[in-house]
Amino acid sequence: MINYFEFYDIPESFNVDAATLKKKFYAVSKQYHPDFFAGEDEAKQQEIMEISTINNKAYQTLGDPAKRLEYILTTHGLVNEGAKPQLPADFLMEMMDLNERLMEAENAEQVADIRAEALAIEDDLNSELEALTADYETLNDTAKESRLNDIADIYYRSKYLLRIKDSLNTFASRF
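Predicted, not measured: the structure shown is a model, and the values here were computed from it. (Residues numbered from 1 in each chain as written. Predicted model: local features only at pLDDT ≥ 70, side-chain atom pairs only at ≥ 80, totals over all residues. Heavy atoms only, no water.)

A. Spatial organisation of the layout of surface pockets. For the largest pocket, the calculated volume is near 510 Å³. In this structure, the largest pocket is lined by 20 residues; those nearest its centre are A66, L69, N126, L129 and S158. Contributions of two or more residues to the lining of the largest pocket are made by α4 (65–75), α6 (108–134) and α7 (141–172). Element by element, the count of residues in the lining of the largest pocket is highest for α7, at seven residues. Counted by class, the lining of the largest pocket contains nine nonpolar, four polar and seven charged residues. (1 Å grid on protein atoms, 1.4 Å probe; cavity = no way out; pocket = protein on both sides within 12 Å on 5 of 7 lines; lining within 4 Å. Points joined across faces, edges and corners; volume = space filled by probe spheres on them. Helix = DSSP H or I, 4+ residues; strand = E, 2+ residues; numbered from the N terminus. Nonpolar A, V, L, I, M, F, W, Y, C, P; charged D, E, K, R; others polar.)

B. Spotlight on the pattern of salt bridges. Counted by the stated rule, this structure contains seven salt bridges. With a closest N to O distance of 3.1 Å, D97 and R101 form a salt bridge. With a gap of four residues between them, D97 and R101 both fall in helix α5 (residues 89–104), about one helical turn apart. A cluster of three or more residues bridged by salt bridges with shared partners is formed by D97, R101 and E117. (Salt bridge = Lys/Arg side-chain N within 4 Å of Asp/Glu carboxyl O.)

C. Seen up close, α6. The end-to-end C-alpha distance of α6, which contains 27 residues, comes to 38 Å, matching closely the 39 Å that a straight helix rising 1.5 Å per residue would cover. Regarding α6, the residues found buried are V111, I114, A118, I121, L125, L129, L132 and T133. Elements that come into contact with the buried residues of α6 comprise α4, α5 and α7. Among the residues of α6, the N-terminal cap falls to N107, whose side-chain oxygen and the backbone nitrogen of E109 are separated by 3.1 Å. (Expected span 1.5 Å × (residues − 1). Buried < 20%, exposed > 50% of the residue type's maximum accessible area, 1.4 Å probe, protein only. Contact = heavy atoms within 4.5 Å. Polar contact = N/O pair within 3.5 Å; in protein donor to acceptor, adjacent residues only side chain to side chain.)

D. Examining the environment of L87 more closely. If you trace the backbone, L87 turns up in the loop between α4 and α5. Separated by 70 residues in the primary sequence, L87 and R157 have C-alpha atoms spaced 7.0 Å apart. Residues contacting L87, with those up to four places away along its chain left out, are L92, D153, Y156, R157 and Y160.

E. Focus on α4. All buried positions along α4 are accounted for by R68, L69, Y71, I72 and L73. Contacts made by the buried residues of α4 are with α1 (4–7), α3 (42–63), α6 and α7. Where α4 begins, one side-chain oxygen reaches toward the backbone nitrogen of A66, 2.9 Å away; that side chain belongs to D64. Phi turns positive one or two residues past the end of α4, at G77, with a value near 70 degrees.

This is the structure we're talking about:
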């Protein structure tokens, strides 16, 4: 599989410079536009189409902060389909408590209080993620590996929290 950061010859980063990314995307788009290769044989046209497809996928992935985060974690083998991450026990207890209170909620006010708590947890996770990704490019490989594990932990906690927020939306519609 092609590494999108290598494809654009930019350093792996959680905070890609949007202007640089756009410039790289347009340069590749211009250089490998299928119309310029209409007279070539089928193999060459197929190759150009593949490069064009990779360019579009790379740009869409790296241009979206959430997709970029997941992409980086996936390329480092920290996120994969069906993975069962080990989440911290205190976090799981907090989520179980929120869920339980949600199941027992009797009015819109109680649901609103639980939503506020969930949003506060989400804000904390986002702040922690920002701090962990800010200087990622400057770290050495060992430090990057350690940092990626911390980032993956936040990624999985955020995914878990998303399920709680979905339940909140379901419950909120009942009142």
